[in-house]
Amino acid sequence: MRQVNNIFPSFLVIVSTVVFWELAVGFWDIPHGILPAPSQIMGEAVRLRSVLLGHALTTLTEALAGLILAIFVGGVVGALISSFGFIRRAFLPILVITQNIPMMVLAPLIVVWFGFGIQPKIGIVTLVCFFPIAVNTADALMRSDQELLELLKSMGATRWQLMRLVRIPEALPAFFSGLQIAATYAILGAVFSEFAGGTSGLWLFIGRSQRAYRTDQMFVAVVLIALLSICLFLLVRWLARIAMPWHISESQMYSDE
Amino acid sequence: MNVIDVRGLTHQFNRNSGGGRAPAILAIKGLSFSVMEGEFVAVVGPSGCGKSTLLRILSGLIHPTEGEVFIKGQKLADSNPIAYMPQRDLLLPWLNVQKNATLGARLSGVSKAEIQSKLPHLFRQFGLDGFQESWPSQLSGGMRQRLALLRTFLMPRDVILLDEPFGSLDAITRRDMQNWLQGVLDSDQRSVLLVTHDVDEALMLADRVLVMTNRPGKILKEVRVEFPRPRYTQTLTLPKFTELKELLLQSLAEA
Ligand SMILES: Nc1ncnc2c1ncn2[C@@H]1O[C@H](COP(=O)(O)OP(=O)(O)OP(=O)(O)O)[C@@H](O)[C@H]1O
Ligand SMILES: [Mg+2]
């Protein structure tokens, strides 16, 4: 019920914006090349559904594969940074600096090195996504509750048991908030990676539409990108709930008050 | 036989804060006492006098600067026959009630089957029956405390150290928990060392009360409480009880 109440206001805003948009385009007779009406965009979406599906699948595959790789790379890098002071001092500053290099610049280079296939695109998504996961995980692993660790030591826990029973579960919420940021980057990163060239993908579709002056088709692609991003975001949220059932019960308790 | 023997214990914290050295803190100095088998000893003392530090030393988590500690005649080592319940309940939010309860026993190497055979009875005794599958966050303050106690009692250790187990509870719940703890100890006669702020609690539960001085802490006074255990609310109104209470409060004021 609370969830519905939360979504309802934004839903109202979206619906009224679309209605206003539709009426405004007709009322002021805005040229289709500048701003197509929502109904026209919908029509194009339906007409081009099979072509769109192909492009969207390409982009989604790049994003998902990149994100999954980023989870592993980010998790491992985060664990290494948190466990070894030397690695932290040597690599963390470098990592932060590399994050400031825009991917748009890197994409053509990566194509020069690795070609037009899907692998370099997955690589770009991974590069964009692993950082928030790594930093969040490392930070959380370093902040483990010392008293909790002490208590388990007094019970006779081994190093590995401390990791499994305290450090990892304690770091999960931070890991997932990093993953949530990464998920919002993933689709964007995949679209950017297609900037460097290829034969399929939503960026390609936008480029073609632009050259054909089909503003309505460009809008279709933009909406699709937004939808994919939202789906990925919700997927991560759902995974977080599955992985941390105790976490929900905690927030539920607070919301009941 | 003494299960705990502490002789001339001294502990100093050398604090290194952010590169610079803060002055060292002498938490305990020349502290000696002992606990006999099956005895319940309470320690009262002003805040910051080193009570928690003492328990952490006894459970082997920090090494004392000076002095000797013997647990059941053995020199203090890394693994001791001691179950320690820290000042915060420190339940693991990601384990359900049952897994939290059995954590200490499992880590101490007790077999699953052996724990399972004791559990149903203990869950009833600790007032947690029906909550086995709940998360700790769904328990009340008193239940959380009982769960932390259950976890401590389930460990196969001869000595139990309790650091202000009821400190965070309201007066009524605390009284209930004290009565209930006496019931538990009636059927499970292990040695207990209890740290508390509450003089009434110490007199209600303990065979002997030790008063600690301000930091650096040492034993200032020892008071024997002769009322038979378990004790009931009526005990609180006996003239002898009031007399002991006055005595303790007076020594605390001097501490
Ligand atoms: N890890 C530590 N590093 C430095 N100083 C410490 C540390 N732990 C405790 N101390 C200091 O040692 C003294 C005794 O602390 P301790 O926690 O044992 O007190 P306490 O008697 O348990 O107090 P309370 O009744 O408030 O729980 C305090 O002055 C505290 O500041
Ligand atoms: Mg304390």
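Source: prediction; values computed, not measured.

Conventions adopted
- Residues numbered from 1 in each chain as written.
- Chains lettered and ligands numbered in written order.
- Predicted model: local features only at pLDDT ≥ 70, side-chain atom pairs only at ≥ 80, totals over all residues.
- Heavy atoms only, no water.
- Core = buried A, V, L, I, M, F, W, Y, C linked by side-chain atoms within 4.5 Å.
- Buried < 20%, exposed > 50% of the residue type's maximum accessible area, 1.4 Å probe, protein only.
- Helix = DSSP H or I, 4+ residues; strand = E, 2+ residues; numbered from the N terminus.
- Domains from an automatic or database assignment.
- Contact = heavy atoms within 4.5 Å.
- Donors = N, O, S within 2.8 Å, 3.2 Å for Na, K, Ca; no water.
- Near = heavy atom within 4 Å.
- Polar contact = N/O pair within 3.5 Å; in protein donor to acceptor, adjacent residues only side chain to side chain.
- Areas by Shrake-Rupley, 256 points an atom, 1.4 Å probe, with all protein chains shown as cover.
- Buried area = accessible area lost by both parts, 1.4 Å probe.
- Salt bridge = Lys/Arg side-chain N within 4 Å of Asp/Glu carboxyl O.
- Nonpolar A, V, L, I, M, F, W, Y, C, P; charged D, E, K, R; others polar.
- Disulfide = S-S within 2.5 Å.
- Expected span 1.5 Å × (residues − 1).
- Arc of directions from axis to C-beta.

Participant: What is the right way to look at the nonpolar core in this model?
Facilitator: General note: in soluble globular proteins, nonpolar side chains tend to be found buried as a group. One finds Leu152 of chain A together with Phe126, Leu149, Leu181 and Val209 of chain B to be the most contacted residues of the largest nonpolar core, which totals 106 residues. Per-element tally for this core: the top contributor is helix H8 (residues 159-194) of chain A, with 13 residues. Two domains each put at least three residues into this core: domain 1 (2-81 + 158-254) and domain 2 (89-157) of chain B. Setting aside chain neighbours within four positions, we find Leu149 of chain B in contact with Met85, Phe126, Leu162, Phe166, Met177 and Trp180 of chain B. Among the nonpolar cores identified, the runner-up in size contains 28 residues, and Ile4, Ile71, Leu161 and Val195 of chain B belong to it.

Participant: Mind showing me how you'd approach the coordination of the magnesium ion (ligand 2) here?
Facilitator: Octahedral metals with six donors have ideal donor angles of 90 or 180 degrees. Tetrahedral metals with four donors have an ideal donor angle of 109.5 degrees. Residues and elements named next belong to chain B. On the protein side, the magnesium ion (ligand 2) has Ser52 (OG) and Gln87 (OE1) as donor atoms, found 1.9 to 2.4 Å from it. Here the residue Ser52 occupies a position in helix H1 (residues 51-58), and Gln87 occupies one in the loop between strand E8 (82-85) and helix H2 (97-107), the gap between them amounting to 35 residues. The class for Ser52 is partly exposed, based on a relative accessible area of 24%. You can call Gln87 partly exposed: its relative accessible area is 40%.

Participant: What is the right way to read the site of ligand 1 from this model?
Facilitator: All names here are of chain B. Around ligand 1, 14 residues are found, and the nearest of them are Ser47, Lys51, Ser52, Thr53 and Arg215. Within the backbone of Cys49, a nitrogen or oxygen atom sits 3.2 Å from an oxygen atom of ligand 1. Here an oxygen atom of ligand 1 sits 3.0 Å away from a polar atom, N or O, in the main chain of Gly50. Across the complex, the protein chains shield 71% of the 630 Å² of accessible surface that ligand 1 would expose by itself.

Participant: Would you mind showing me how to read the side chain of Thr59 of chain A here?
Facilitator: All names here are of chain A. On the secondary structure map, Thr59 appears in helix H3 (residues 49-83). Judged by relative accessible area, Thr59 falls into the buried class, the value being 0%. With sequence-adjacent residues up to four places away left out, Thr59 is seen in contact with Ile187, Ala190, Val191, Glu194, Gly201 and Leu202.

Participant: Quick question: what am I supposed to make of the domain arrangement of chain B here?
Facilitator: By a frequent convention, interface size equals the accessible area lost on bringing the separate parts together. Residue and element names in this part refer to chain B. Each domain of chain B was delimited in the assignment, giving domain 1 (2-81 + 158-254) and domain 2 (89-157). A separation of 24 Å is found between the C-alpha centroids of domain 1 and domain 2. Taken residue by residue, the interface counts 20 residues in domain 1 and 12 residues in domain 2. Together, the buried faces of domain 1 and domain 2 total about 1300 Å²; carbon and sulfur atoms form 67% of this surface. On inspection of domain 1 and its partner domain 2, the count reaches 0 salt bridges. Seen at the junction of domain 1 and domain 2, the total is 6 residue pairs in polar contact (both at pLDDT 80 or more). Of all the secondary-structure elements, those providing two or more residues to the side of domain 1 that touches domain 2 are strand E9 (159-163) and helix H5 (171-187). No other element matches the 8 residues that H5 contributes to the side of domain 1 that touches domain 2. Counted by class, the side of domain 1 that touches domain 2 contains 12 nonpolar, 5 polar and 3 charged residues.

Participant: What is the right way to look at the state of the cysteines in this model?
Facilitator: Here a disulfide denotes a covalent bond joining the sulfur atom of one cysteine to the sulfur atom of another. Scanning all chains against the criterion turns up 0 disulfides over all chains. Cys129 of chain A provides the cysteine sulfur closest to Cys231 of chain A, a residue in no disulfide bond, and the two sulfurs are 16 Å apart.

Participant: Just to check I follow, could you spell out helix H5 (residues 103-114) of chain A for this structure?
Facilitator: Note: α-helices contain 3.6 residues per turn, so residues at a spacing of three or four share the same orientation. All names here are of chain A. Look at H5: 15 Å from first C-alpha to last across 12 residues, which is about the 16 Å you get at 1.5 Å a residue. Taken together, the buried positions of H5 are Met103, Ala107, Ile110 and Val111. Seen end-on, H5 carries its buried residues on one side only, within an arc spanning 100°. Residues of H5 that are exposed and point over 90 degrees away from its buried face: Val105, Val112 and Trp113. Buried residues along H5 sit in contact with helix H6 (118-142).

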